[in-house]
Structure formats: structure tokens, C-alpha cells
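# Topology and contacts: notes
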Amino acid sequence: MSNITKQTRRESYDEVLKDLNKRQALVYTYLRSFPEGTTAKNLAVHMHNNGDASSPERNSTHPRLNELVKKGYVEIISKRQCEYTGRKVAVYKVKEV
């Protein structure tokens, strides 16, 4: 990846963060570390393990993910079986800007 591409991606990221509240920004930042996307539950577990969520339950991330989808910063890209519950769940990914 060229330096110009890295710079423009960083500028886009900074612009997105200006539009988000603190919790949305935290969820968005963590979701960026999953380039192939992830589930709300997996994201919650990851955030909890790093001390940024009080609980590993999906309810700590799912509402923010829905808000980010509505704002157009995140998209649902597929469904897959949750490794924790065995149910089919949505896979979220940061939209490329």
C-alpha cells in the first residue's frame, strides 16, 4: 500500500470519528481490526478481553453496530454460524470509504 493510500485512509478514518459518539467510535475502531468482518458477539468478546467493554455479551456492541449501519459506516456482509451460540448471525464490516 502506498503512502498516499495510507494517508487518505487515515484522513477518512479521522473524518468518520468526528461524526461518532464515544461508544460508536470505540466499536468502529475495534471493527476495523477485522478486515474480513466479524459478529457482534465476537466483537464484544474481543473488546471485553481488552478491558473496553464491561461484558462479553453481544448487547454491548450490537446497538452501536446498528447505529453505524444506519450512518453508512458499517455494512452487513453475510451471515455465519456463531462460534459461541451456534446460531446464524450477521457479519459486520467497516465500509470502504
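This text follows the structure it describes.
Read on for an overview of the structure. Since the structure is predicted, the reported quantities are computational estimates derived from the model, not experimental observations.

## Let's talk about the environment of T39
Examined against the element boundaries, T39 turns out to sit in the loop between α2 (22-31) and α3 (40-49). In this structure T39 comes out as buried when scored by relative accessible area, which is 5%. Sequence spacing of T39 and A90 is 51 residues, and the spatial spacing of their C-alpha atoms is 6.1 Å. Not counting chain neighbours up to four residues away, the residues in contact with T39 comprise R80, V89, A90 and V91.

## Section: the packing of aromatic side chains
The description of two aromatic rings rests on the distance between their centres and on the angle between their planes. Taken as a whole and judged by the stated rule, the model has one aromatic pair. Plain terms: the ring middles of Y28 and Y73 are 6.3 Å apart, the flat faces sit at 70 degrees to each other, and that makes the pair edge-to-face. Here Y73 lies in the loop between α4 (62-71) and β1 (74-81) and Y28 lies in helix α2, a separation of 45 residues in the sequence. Like Y73, Y28 is buried.

## What to know about the nonpolar core
Core analysis: the largest hydrophobic core is formed by 17 residues, its most contacted members being Y28, L31, L43, L65 and L68. Counting residues per element, the ones that place at least two in this core are α2, α3, α4 and β2 (88-94). Broken down by element, the residue count for this core peaks at five residues, all from α2. Not counting chain neighbours up to four residues away, the residues in contact with L31 comprise T38, L43, L65, V74, Y92, K93 and V94.

## A look at the pattern of salt bridges
The full count for this structure, using the stated rule, is two salt bridges. E57 is the salt-bridge partner of K41, the closest N and O atoms lying 3.8 Å from each other. Highlighted residues: K41 in helix α3 and E57 in the loop between α3 and α4, separated in sequence by 16 residues. Note on K41: relative accessible area 15%, which makes it buried. We note a salt bridge from E67 to R64, for which the minimum N-O separation is 2.9 Å. Linking E67 with R64, this pair stays in helix α4, spanning three residues, or about one helical turn. On the basis of relative accessible area, R64 is assigned to the partly exposed category, the value being 21%.

How each quantity is defined
- Residues numbered from 1 in each chain as written.
- Predicted model: local features only at pLDDT ≥ 70, side-chain atom pairs only at ≥ 80, totals over all residues.
- Heavy atoms only, no water.
- Helix = DSSP H or I, 4+ residues; strand = E, 2+ residues; numbered from the N terminus.
- Buried < 20%, exposed > 50% of the residue type's maximum accessible area, 1.4 Å probe, protein only.
- Contact = heavy atoms within 4.5 Å.
- Phe/Tyr/Trp six-rings, centres within 6.5 Å; stacked < 30°, edge-to-face > 60°.
- Core = buried A, V, L, I, M, F, W, Y, C linked by side-chain atoms within 4.5 Å.
- Salt bridge = Lys/Arg side-chain N within 4 Å of Asp/Glu carboxyl O.

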